[in-house]
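Examination of the molecular architecture
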Amino acid sequence: MSRLLSKGIALLVLMLAMIVSGCSDTSTPTQPTATTIPTISATPEPAEIVLALLKGASEHKLKGSEEWSRAVNGMAVKPGDTVRTLTVSNSVLHFADGSKVKLLPNTEVSVEVFSIINGGPPIGHRVGRVRVVNGAIDFDVTKAPAPNIWEFMTKDNLIAIHGTSGAIQSYATDGET
């Protein structure tokens, strides 16, 4: 029995020695590496606006210019640019967020602002403002939660939209600009 007890104690000591040696770390400790955290830029990204000519002819005026030129189907429109349709003409502005603004005949609009920030909705934001200088538009603004901003301006109103479709008419009377 003493031999069995000796073997049991020896086995217990051996197991304890293995446990202790496995628990101690004699290697040099290393510093944890920094986790790469993606940064979100609050810088607006260039947003694409494309003009589609549906019927008839449209004209385009660059920001800061007084000269109108013939619009081309599929051309890029930038914030600050102005677009107008001629008699019996229809065009649509397609925005990068999926929103659309259809210009009815004899309509002039100016894209004042359009920016996609941090990738746009649902995580980022979009900001859009279109001024109806004269005429009528139909719009379909892609739904996005607040604080996403989409505005239509007329000579006497400001309409804020978060995502819906509708129509706006604003006509300048004689003698007004």
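Residues numbered from 1 in each chain as written. Predicted model: local features only at pLDDT ≥ 70, side-chain atom pairs only at ≥ 80, totals over all residues. Heavy atoms only, no water.

Across its full length, the protein chain carries one helix and twelve strands. Mapped from its N terminus to its C terminus, the protein chain presents α and β elements in the order α-β-β-β-β-β-β-β-β-β-β-β-β. When the 177 residues of the protein chain are sorted by exposure, 31% land in the buried category. Pairs at least 24 apart in sequence give 49% of the contacts found in the protein chain among residues at least 6 apart. As presented, the protein chain carries roughly 11400 Å² of accessible surface, and 59% of it is formed by carbon and sulfur atoms. (Helix = DSSP H or I, 4+ residues; strand = E, 2+ residues; numbered from the N terminus. Buried < 20%, exposed > 50% of the residue type's maximum accessible area, 1.4 Å probe, protein only. Contact = heavy atoms within 4.5 Å. Areas by Shrake-Rupley, 256 points an atom, 1.4 Å probe, with all protein chains shown as cover.)

Summarising the model, the protein chain shows a mean pLDDT of 79, and 71% of its residues fall at 70 or more. Low pLDDT, under 50, characterises residues 11-20; the predicted model gives this stretch zero contacts beyond four residues in sequence or across chains. Counted against residues more than four places away or in other chains, residues 23-41, with its pLDDT under 50, gives two contacts. (pLDDT = per-residue confidence, 0-100.)

For the rest of this paragraph, the subject is the nonpolar core. Counting 23 residues, the largest nonpolar core has Leu93, Phe95, Val101, Ile137, Phe139, Trp150 and Phe152 as its most contacted members. Taken together, the elements giving at least two residues each to this core come down to β2 (49-55), β6 (90-95), β7 (100-103), β8 (108-117), β9 (125-140) and β10 (149-153). Each residue touching Phe139, except ones within four places of it in the same chain, is listed here: Lys100, Val101, Phe152, Ile161, Thr164, Ser165, Gly166, Ala167 and Ile168. (Core = buried A, V, L, I, M, F, W, Y, C linked by side-chain atoms within 4.5 Å.)

In this structure, Ile117 sits in strand β8. Taking relative accessible area as the criterion, Ile117 reaches 17% and is therefore assigned buried. Expressed as a C-alpha distance, the spacing of Ile117 and Asn148, which sit 31 residues apart in the sequence, is 9.9 Å.

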